[in-house]
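Coordinates in review
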Amino acid sequence: MLAIQRIRDILQPLVNFCKKLFQKKQSEKKIIKAEKEKKTEGKIKHRSFTLYMTRHIKIYMEYYDLGMQDIITCEVCLLSGRIDGSGFDIHHIQGRGNGKDVIENIMCLCRNCHTLAHKSVYSKTKLTKIHKKFL
Ligand SMILES: [Zn+2]
Ligand SMILES: [Zn+2]
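Cut-offs used in this document
- Residues numbered from 1 in each chain as written.
- Chains lettered and ligands numbered in written order.
- Predicted model: local features only at pLDDT ≥ 70, side-chain atom pairs only at ≥ 80, totals over all residues.
- Helix = DSSP H or I, 4+ residues; strand = E, 2+ residues; numbered from the N terminus.
- Contact = placed C-beta atoms within 7 Å.
- Buried ≥ 20, exposed ≤ 12 C-beta atoms within 10 Å, placed from the backbone.
- Arc of directions from axis to C-beta.
- Core = buried A, V, L, I, M, F, W, Y, C linked by C-beta atoms within 7 Å.
- Pairing = 2+ DSSP bridges.

**Observations regarding the overall build of the protein**
Per the secondary structure count, the protein includes 3 helices and 4 strands. The long-range share in the protein, meaning contacts at least 24 apart out of those at least 6 apart in sequence, stands at 52%.

**Re the pairing of strand 3 (residues 88-92)**
By the criterion of burial, strand 3 is predominantly enclosed, with 5 of the 5 residues buried. Side chains Phe88, Ile90 and His92 of strand 3 all project onto a buried face; the interleaved residues Asp89 and His91 project onto the opposite face, where all are buried too.

**A word on helix 2 (residues 111-118)**
Listed in full, the buried residues belonging to helix 2 are Cys113, His114 and Ala117. Looking down the long axis of helix 2, one finds its buried residues gathered within 105° of arc, a one-sided arrangement. Each element contacted by the buried residues of helix 2 is listed here: strand 3, strand 4 (106-110) and helix 3 (124-134). Note on helix 2: the residue one or two positions beyond its end, Ser120, has a positive phi of about 60°.

**Things to note about the environment of Ile72**
Considering the arrangement of structural elements, one finds Ile72 in strand 1 (residues 71-73). The exposure class of Ile72 is buried, given the 22 C-beta atoms found within 10 Å. In this structure, the C-alpha to C-alpha distance between Ile72 and Arg82, residues 10 residues apart in sequence, is 5.8 Å. If we ignore the near neighbours within four places in the chain, the residues touching Ile72 are Leu66, Ser80, Gly81, Ile83, Phe88 and Cys108.

**Some words on the environment of Gly67**
Along the chain, Gly67 falls in the loop between helix 1 (2-64) and strand 1. Residue Gly67 is classed as exposed on the basis of its 8 C-beta neighbours within 10 Å. Along the primary structure Gly67 and Arg82 are separated by 15 residues, whereas in three dimensions their C-alpha atoms are 9.8 Å apart.

**Describing the nonpolar core**
In summary, soluble globular proteins display a tendency toward joint burial of nonpolar side chains. Membership of the largest hydrophobic core comes to 15 residues, with the highest contact counts inside it found for Cys74, Phe88, Met107, Cys108, Leu109, Cys110 and Cys113. Elements that contribute at least two residues to this core include exactly strand 3, strand 4 and helix 2. Among the elements that take part in this core, strand 4 stands out by supplying 5 residues, more than any other. Contact partners of Cys74, with chain neighbours within four places excluded, come to Leu79, Phe88, Cys108, Leu109, Cys110 and Cys113.

**What to know about the pairing of strand 4**
Among the 5 residues in strand 4, 5 count as buried, and that is most of the element. Neither face of strand 4 is open: one carries Ile106, Cys108 and Cys110, the other Met107 and Leu109, and all of them are buried. Relative to strand 4, strand 3 runs antiparallel, the two being bridged by 5 bridges. In the strand pairing of strand 4, Ile90 is matched with Cys108.

**What to know about unusual backbone geometry**
Most peptide bonds adopt trans geometry, and most residues besides glycine take a negative phi value. Even without being a glycine, Leu78 presents a positive backbone phi close to 65°. In this structure, Leu78 sits in the loop between strand 1 and strand 2 (80-82). Judged by the 9 C-beta atoms lying within 10 Å of it, Leu78 falls in the exposed class. The residue Ser120 is not glycine, and still its phi comes out positive at about 60°. Turning to its location among the elements, Ser120 is positioned in the loop between helix 2 and helix 3.

Now the structure itself:
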């Protein structure tokens, strides 16, 4: 009996090590799965956003009397480019929803500033202030 106990004592650290290794693998798998889900989520969001955007570009363009050949400017960093190039988005300052598709609530941002706006690097208050200068 004592011998068995000794063998157990010797093997226990090895068993623990294997358990930890297994748990680590499992949590790594979970992280990879979460990252994959995040990526797909981003793709879906971007796709629906692109569809959605087209309608609001029209509102924006009508207000500023812009045609598809014209130059559009990011209201935050003043980067300019052609409207039909894909580097510019029309952003909803206070989010989307009923009655939110008005010129006071939509502004043109370059892709970089748009990302920062959605990460709240630029606050809604700051964006509203900037946009007012363009109205
Ligand atoms: Zn910009
Ligand atoms: Zn936006």
